[in-house]
Amino acid sequence: MKMSESRILSLSPMLLVLLSLVMTSFFNTTAAQVGVCYGMLGDPRPNPSDVVVLYKQRNIQRMRLYAPDPEALNALRNSDIELILDVPKTDLERVASSQGEADSWVQDNVKNYEGVRFRYITVGNEVKLSETAGSVLFQAMQNIDNAVSAAGLGIKVSTAIDMGATTDTYPPSQGRFTDEYKNFLQPVVDFLVSKQSPLLLNNYPYFSYKDNMDTIPLEYALFKPTPVVSDDQYSYTNLFDANLDAVYAALEKSNGGSLEIVVSESGWPTEGGEGTSVENAMTYVNNLIQHVKSGTPRKPGNAIETYIFAMFDENQKGPPELEKFWGMFLPNQQPKYDVNFN
């Protein structure tokens, strides 16, 4: 027996329990490392190589990129930043049309960028049934997954939905997919279960608050102390958890109870609408970073992989006006407010 093994076995049961708790806490905290979405719809916008330097300076170890951008992908080579790369909606019909098209997409935008750490490929962002035939998203996901497997890349393939796909979310345990989305998403859920891939969710308490200001306190949306919302055996102190658990409840009703949810977008705008301010954005983002280390009432102790939206303001977006002001940094890379990414 190795010396290290004999020492471990000689520890008292209490010390072993404490060691287990410490190690669990360590790995959960590591898993909760918060990423940031790199929106590129601003003018002016910083050079991608400078952006990668800024990510590393700020200890941001994960990024989401909404479409393949050669300059950004080249800048990410050997950076150790993990990347979610989107297949944009404009490419869905093409990659769904044939396996060859999906193979080419993966070759051109993934395999050609050796040294980039691809974490997930997200096929479509908030795809709606009105935007494409119901089978296109599922077929595109299948084809991209086949292409990734054939290339030996081992990257998980998923898609990102928003809270609009759900209904009856109060209380969270009643959450379900809307009738429109249920049939649309069921093949996607089954696919993710079979591949043990997570579902990506854009979770914005800001919009829930903005649309229900008469019933939702601002404090509940900002992770501030607030009266507890009870849901049978679960108790909620913030809207982020309530939204997330409503989607978990919807997945359970669609045979997707085994799936993990990755929060692929969450943030708060600094201006342009009701409840927007630099102070509220700073409060939300900093509280979010700390909160996601500890899980939700439905999934206690499970760190929540989360991506803040967004790195920079994007003045080419909108209307509405608030779409321009989600950035934590100005185009000159100066922070709009202080954020602690540790």
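For the structure, check the block above.
Values in this document were obtained by computation on a predicted structure and should not be read as measured data.

A word on the side chain of Thr-178
- Mapped onto the elements of the fold, Thr-178 is located in the loop between strand S7 (176–177) and helix H8 (179–195).
- Not counting the four nearest positions on each side in its chain, Thr-178 is found in contact with Gly-164, Ala-165, Thr-166 and Thr-167.

Points about the packing of aromatic side chains
- The final tally for this structure, using the stated rule, is 17 aromatic pairs.
- Between Tyr-206 and Phe-207, the ring centres sit 5.4 Å apart and the planes meet at 65°, which makes this aromatic pair edge-to-face.
- For Tyr-206, a relative accessible area of 0% corresponds to the buried category.
- Given a relative accessible area of 27%, Phe-207 falls into the partly exposed group.
- Ring centres 5.9 Å apart and planes at 45° place the aromatic pair Phe-223 and Phe-240 in the tilted group. Of the two residues, Phe-223 is situated in the loop between helix H10 (218–221) and strand S9 (229–231) and Phe-240 in helix H11 (residues 239–253); the sequence distance between them amounts to 17 residues.
- The buried category is assigned to Phe-240, whose relative accessible area is 0%.
- Grouped by ring-pair contacts, the aromatic residues Tyr-66, Tyr-204, Tyr-206, Phe-207, Tyr-209, Phe-223, Phe-240, Trp-268, Tyr-284, Phe-309 and Trp-326 constitute a single cluster.

A few points about the side chain of Asn-143
- Tracing the sequence through the fold places Asn-143 in helix H7 (residues 134–150).
- Ignoring anything within four residues of it in the chain, the contact list for Asn-143 reads Val-95, Ala-96, Ser-98, Gln-99 and Ala-102.

Let's talk about the pattern of salt bridges
- Inspection of every chain in the model, using the stated rule, returns 16 salt bridges.
- The salt bridge partner of Arg-62 is Glu-82, with a shortest N-O separation of 2.9 Å. Separated by 20 residues along the polypeptide, Arg-62 in strand S2 (residues 62–65) and Glu-82 in strand S3 (residues 82–87) bring together distant segments of the chain. In this structure, Arg-62 and Glu-82 share a single accessibility class: buried.
- The partner of Asp-179 in a salt bridge is Arg-176, with the nearest N and O atoms 3.4 Å apart.
- The exposure class of Asp-179 is exposed, given its relative accessible area of 61%.

Details of unusual backbone geometry
- Cis geometry marks the peptide bond from Asp-43 to Pro-44; its omega dihedral reads 5°.
- Following Phe-309, the chain continues into Ala-310 via a peptide bond in cis, with omega recorded as 10°.
- A positive phi angle is found at Asp-80, which is not glycine, with a value near 70°.
- Within the secondary structure, Asp-80 is located in the loop between helix H4 (70–76) and S3.
- Residue classification places Asp-80 among the exposed residues on the basis of a relative accessible area of 52%.
- One non-glycine residue, Gln-196, lies in the positive phi region at around 55°.
- Here Gln-196 is to be found in the loop between H8 and strand S8 (199–202).
- Assessed through its relative accessible area of 67%, Gln-196 is described here as exposed.

Parameters and conventions
- Residues numbered from 1 in each chain as written.
- Predicted model: local features only at pLDDT ≥ 70, side-chain atom pairs only at ≥ 80, totals over all residues.
- Heavy atoms only, no water.
- Helix = DSSP H or I, 4+ residues; strand = E, 2+ residues; numbered from the N terminus.
- Contact = heavy atoms within 4.5 Å.
- Phe/Tyr/Trp six-rings, centres within 6.5 Å; stacked < 30°, edge-to-face > 60°.
- Buried < 20%, exposed > 50% of the residue type's maximum accessible area, 1.4 Å probe, protein only.
- Salt bridge = Lys/Arg side-chain N within 4 Å of Asp/Glu carboxyl O.

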